[in-house]
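# Fold and contact review
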Amino acid sequence: QVQLAESGGGLVQAGGSLRLSCAASGLTFSSYTMGWFRQAPGKEREFVAFISGSGRSTNYGDSVKGRFTISRDNSKNTVYVQMNSLKPEDTAVYYCAVQRRLRTYDSRSSRPEEYNVWGQGTQVTVSS
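Residues numbered from 1 in each chain as written. Predicted model: local features only at pLDDT ≥ 70, side-chain atom pairs only at ≥ 80, totals over all residues. Heavy atoms only, no water.

## Thoughts on the packing of aromatic side chains
What counts is decided by this rule: Here a Phe, Tyr or Trp ring, Trp counted by its six-membered ring, pairs with any other such ring whose centre lies within 6.5 Å, and the pair is stacked when the planes are under 30 degrees apart, edge-to-face when over 60, and tilted otherwise. Only DSSP runs of H or I reaching four residues or more are called helices, and only runs of E reaching two or more are called strands; each is numbered from the N terminus. Here's how the labels work: a residue is buried when its accessible area is under 20% of the maximum for its type, exposed when over 50%, partly exposed in between, all with a 1.4 Å probe on protein chains only. Counted as over-ring charges are cases with an Arg CZ or a Lys NZ within 6 Å of the ring centre that also lie within 35 degrees of the ring normal.
Summed over the entire model, instances satisfying the criterion amount to seven aromatic pairs. Relative to F50, the ring of F47 has its centre 5.9 Å away and its plane inclined at 45 degrees; by these criteria the two rings are tilted. With a centroid separation of 6.2 Å and an interplanar angle of 50 degrees, the aromatic rings of F50 and Y105 are classed as tilted. Of the two residues, F50 is situated in strand 5 (residues 46–51) and Y105 in the loop between strand 9 (92–102) and strand 10 (115–118); the sequence distance between them amounts to 55 residues. Residue F50 is classed as buried on the basis of its relative accessible area of 4%. Classification of Y105 by relative accessible area gives partly exposed; the value is 39%. Here a set of aromatic residues connected by ring pairs shows up, and it is made of F37, F47, F50, Y95, Y105, Y115 and W118. The residue whose ring lies beneath R45 is Y95, and the NZ or CZ to ring-centre distance is 4.0 Å.

Shown next, in the form of structure tokens:
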């Protein structure tokens, strides 16, 4: 059974930084593209970033490009997102997820429906 556990959320002032972690178990981690998404109250789930199984390829949502960095450590079965220059509009519950397709990534990898295993989420609150 695949399980994901996010951590690292919290309250931070605008302009600050946080690093979220997502520990995975029950899968051959390096075979899967991993994604981060976020959802604010009353809004749809939004793509943040994805990273290929090898870690060599990444892609970011327009709202976080240049401020967030996704990475992974396949020896630890963990994916990270480093969030810098945080803004109040970054406030949301952040989720990591496993892409359903094995050993591939493309433009569809930014869509929530391409992911079939999700963590419980971690709250990030950015105060102004």
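## So, the nonpolar core
Spelled out, the test is: To define a nonpolar core, start from buried Ala, Val, Leu, Ile, Met, Phe, Trp, Tyr and Cys residues and group those joined through side-chain atoms within 4.5 Å. Only heavy atoms matter for contacts: two residues are in contact if any of them lie within 4.5 Å across the pair.
Core analysis: the largest hydrophobic core is formed by 29 residues, its most contacted members being L4, W36, F68, V79, M83 and Y94. When contributions to this core are tallied by element, the ones reaching two or more residues are strand 3 (18–25), strand 4 (32–39), strand 5, strand 7 (68–73), strand 8 (78–83), strand 9 and strand 11 (122–127). Contact partners of M83, with chain neighbours within four places excluded, come to G16, S17, L18, L20, R67, F68, Y94 and V124. With five residues, the next largest nonpolar core counts F47, F50, A97 and Y115 among its residues.

## A short note on the environment of Y94
Selection criterion: Here a polar contact is recorded for every N or O atom pair within 3.5 Å, except that within protein the pair must consist of a potential hydrogen donor and a potential acceptor, and residues adjacent in sequence are included only if both atoms are side-chain atoms.
One can find Y94 in strand 9. Along the chain, Y94 and G55 lie 39 residues apart, while their C-alpha atoms are 20 Å from each other. Excluding its chain neighbours within four sequence positions, the residues that come into contact with Y94 are E6, L20, W36, F37, R38, V48, F68, M83, G121, T122 and V124. In this structure the side chain of Y94 is engaged in a polar contact, spanning 2.9 Å, whose partner is the side chain of R38.

## As for the state of the cysteines
Put plainly, two cysteines are in a disulfide when a covalent bond ties their sulfur atoms together. To keep it simple, the criterion reads: The disulfide criterion used throughout: a pair of cysteine sulfur atoms within 2.5 Å.
Evaluated as defined, the whole model comprises one disulfide. A sulfur-sulfur separation of 1.9 Å characterises the disulfide bridge that pairs C22 with C96. Residues C22 and C96 are joined through a disulfide that is right-handed, its torsion about the S-S bond being 55 degrees. Residue C22 is located in strand 3, and its partner C96 is located in strand 9; the two are separated by 74 residues in the primary sequence. Across the pair, C96 and C22 agree in class, each one buried.

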